[in-house]
Amino acid sequence: MKKLWALPVAALFAVATTISATAGADTLVSVGSPSTPFSQNKQNEPALAVDATHPNILAAGSNDEIDEEACNAGADTTCPFTAGIGVSGIYFSFDSGHGWVQPTYTGLTARNCLGVVGPDAGCTPTPGPIGTLPWYYENGLIADGDPALAFGPKPSSGGFSWTNGSRLYYANLTSNAPTASGEQAFRGFEAIAVSRTDDVTAAAASVKSAWLPPVLISRQSSTTFSDKEQIWADNASSSRFFGNVYVCWASFVGQELSPNAAPAQLQVAVSRDGGTTWTQHPIGAAANNSQRNPMDGCTVRTDSNGNAYVFGVGTQSSGGHQAFEFVSISSDGGATWSAPRTVAGPVTQPGVIDPILGRPTIDGIAGARSDLAPAPSVDIANGAPTGADATDRMVLTYVSGSLATPHVYFTESGNGGATWSTPRAIETAGDRGYYTAPAISPDGTDVYVVYNAFTTPYRTNTTDPRNLVGVVLHADVSANATGAFTELNRGANGDPRGSSQNNLVGEFLGDYVYAVATRTYGAAVWNDARNAGDCSAIDAWRMSLRNGTTVARPAPQQDCPANFGNSDIFGGSYPDPTPT
């Protein structure tokens, strides 16, 4: 969640909140998070995983600020991240994504730091109920979001087998908790950590002990900022490396020493013992210069034979220094990796740089950053849980194009990534793509794609309404190719001006969306602004930062609607519309 990107104690709280929805519609996923105040009402950047042996069980994550202080704590015009407070939200569904539960654990919380109108002493976090991952506070760490989840087989002394049960892995960023002594759990600014549970029923019922303590997996230096991780567990028992777990991420170097903090080599960590120990490997060249930009925005997957694939977006000198989608492949369980090779491209960042954010935006001035819009999202029909009916077809989506028409592109490979189809735009007419992700059924017969899009043009002001929507598509796979896509769901409209960075200077919707597929249904999660309230005072102040006019900095809880900042995670579950 704390993102940089360079492309150019005691008692358990048995408390949980649940909401259900009917089939074919959509429903709130972040069900335990409040509608007010900001920033406790802020959720974004959703991830999703399905248990291959129990396809009715889903787990989701997001950046969830349920435990942060309110704006009125301390200075009323600031809404900071509270020191020591985690933001890695966790949600469970046991009915294929129609209903969701958000557990409550214990840890360090600031949710009771509501403050008063006017100056006050500010917030001192205390142990208490949390709506995010447990065991970070107790281990001197902070769960910093960027969620990534995967189900795999549970290990035992005899190795990996689905008969042992399932293990859920949750990877996220982590930073050092503030301490009086200054001691740190690791070096650097952000690391990658993995949490695990073998009992999702207990975890969903707010049983803290159902989770193992987090494991730090990234090698860190004093200037390292690890970011944008993705996780996958080899979940097809036909695989030679069944049970292996892979995490990829971008390693930013020179943090606090360079204004660019450019990424170094993409990193991949591999665990062969259920996430207890990890080995780390670099992917691609180490150079980051005018000739080459290393891969970023990674995705990792495995096929039914155990080949592992890491995808990312980067630049190459032989391609005219343009950006392309790349893949690096391991055929030995992650011990070695091939040189990255081109999958699709060139791809472009549709957004334009906002002068205050210093980041690209697609919806308008002071908009939500779109850094990772061109990053690849991938899925493989690996036949999990057994691999018996695998086709190993790969499907990949990304957003690329001009500011006026950012397209959602789809490409696929039926030969292990050796060749790929010509990318085609699949978004509904009038949608300006933002983030996207595909999913293919384990038997390779159905493809689902989720995307966020803006339906309004790029706004050069902050007064005109903007519109964000979440869309889910479906297509059948026949004759070794994926057919035409049709809409399964179009979510409710929302104005993204009602979302916000904690420093208030721009909107915020995170960096990705997510989808999964089973043999009978597809499910998706996306960023949603339908319940967010636009604040004219914030709009005017944001614009003043860009045109040099003088506007007083607002106090959100006094000057804005109560639901200002209320971005949510919505999702849906969609039966295969063409079952055979």
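Residues numbered from 1 in each chain as written. Predicted model: local features only at pLDDT ≥ 70, side-chain atom pairs only at ≥ 80, totals over all residues. Heavy atoms only, no water.

Draft legend 1. Molecular detail of the overall build of the protein chain. Regarding its fold elements, the protein chain presents three helices and 37 strands. For 580 residues, the compact-globule formula gives about 25 Å, and the C-alpha radius of gyration of the protein chain, at 22 Å, lands near that figure. The C-alpha extent of the protein chain, read off along each of the three principal axes, is 65 × 55 × 50 Å. Looking at the 580 residues of the protein chain, the share that counts as buried comes to 64%. Element-wise, carbon and sulfur atoms account for 55% of the exposed surface of the protein chain, whose accessible area totals about 18800 Å². (Helix = DSSP H or I, 4+ residues; strand = E, 2+ residues; numbered from the N terminus. Rg over C-alpha atoms; globule rule 2.2 N^0.38 Å. Buried < 20%, exposed > 50% of the residue type's maximum accessible area, 1.4 Å probe, protein only. Areas by Shrake-Rupley, 256 points an atom, 1.4 Å probe, with all protein chains shown as cover.)

Draft legend 2. Geometry of the confidence of the model for the protein chain. Confidence along the protein chain averages 92 in pLDDT terms, with 92% of residues attaining 70 or more. Scored below 50 in pLDDT, residues 2–23 shows 82 contacts in the model against residues more than four places distant or in partner chains. (pLDDT = per-residue confidence, 0-100. Contact = heavy atoms within 4.5 Å.)

Draft legend 3. Quick look at the sheet that holds strand S26 (residues 377–380). The four strands lie next to each other as S26-S27-S28-S29, forming an open sheet whose pairing is antiparallel. The strands lining the two open edges of the sheet, one partner per strand, are S26 and strand S29 (424–425). The pairing of S26 with strand S27 (residues 394–401) spans four bridges and is antiparallel. Looking at S27, one finds that Ser-377 is bridged to Thr-397. (Pairing = 2+ DSSP bridges.)

Draft legend 4. Quick look at the state of the cysteines. For the coordinates displayed, the defined rule picks out four disulfides. Put simply, Cys-71 and Cys-79 are joined by a disulfide, and their sulfur atoms are 2.1 Å apart. Judged by the torsion about the S-S bond (110°), the Cys-71/Cys-79 disulfide is right-handed. There is a disulfide in this structure between Cys-248 and Cys-298, and the S-S distance comes to 2.2 Å. Looking along the S-S bond of the Cys-248-Cys-298 disulfide, the torsion reads about 100°, which is the right-handed sense. Of this pair, Cys-248 sits in strand S17 (residues 245–252) while Cys-298 sits in strand S20 (residues 293–302), and the two are 50 residues apart along the sequence. The pair formed by Cys-248 and Cys-298 is uniform in burial state, with each residue classed as buried. Described in terms of the sequence order of its bonded cysteines, the disulfide pattern of the protein chain is 1-2, 3-4, 5-6, 7-8. (Disulfide = S-S within 2.5 Å.)

Draft legend 5. Spotlight on the sheet that holds strand S36 (residues 521–528). The strand order across the open sheet formed by four strands is S2-S37-S36-S35, and the pairing between neighbours is antiparallel. For this open sheet the edge positions go to strand S2 (27–28) and strand S35 (514–517), each flanked by a neighbour on one side alone. Pairing of S2 with strand S37 (residues 568–575), which is carried by two bridges, proceeds in the antiparallel orientation. In the strand pairing of S37, Thr-27 is matched with Gly-571.

Draft legend 6. How the structure looks around the packing of aromatic side chains. Scanning the model with the defined rule gives 10 aromatic pairs in all. Between Tyr-434 and Phe-454, the ring centres sit 4.9 Å apart and the planes meet at 45°, which makes this aromatic pair tilted. On the criterion of sequence distance, the pair formed by Tyr-434 in strand S30 (residues 432–440) and Phe-454 in strand S31 (residues 446–454) is long-range, its members being 20 residues apart. Residue Tyr-434 is classed as buried on the basis of its relative accessible area, which comes to 0%. Chaining the aromatic ring pairs together yields one cluster made of Tyr-434, Tyr-435 and Phe-454. For Lys-42, the ring lying beneath its charged end belongs to Phe-508, and the centroid distance is 4.6 Å. (Phe/Tyr/Trp six-rings, centres within 6.5 Å; stacked < 30°, edge-to-face > 60°. Lys NZ or Arg CZ within 6 Å of the ring centre and 35° of its normal.)

Draft legend 7. Region of the structure containing the pattern of salt bridges. By the definition in use, this model includes 19 salt bridges. Notably, a salt bridge pairs Arg-546 with Asp-354, separated by 3.0 Å at the nearest N-O pair. Of this pair, Arg-546 sits in helix H2 (residues 536–547) while Asp-354 sits in the loop between strand S24 (352–353) and strand S25 (360–361), placing them 192 residues apart in sequence. Asp-354 matches Arg-546 in its accessibility class, with the two residues each being buried. Connected via shared salt-bridge partners are Asp-495, Arg-497, Asp-534 and Asp-539. (Salt bridge = Lys/Arg side-chain N within 4 Å of Asp/Glu carboxyl O.)

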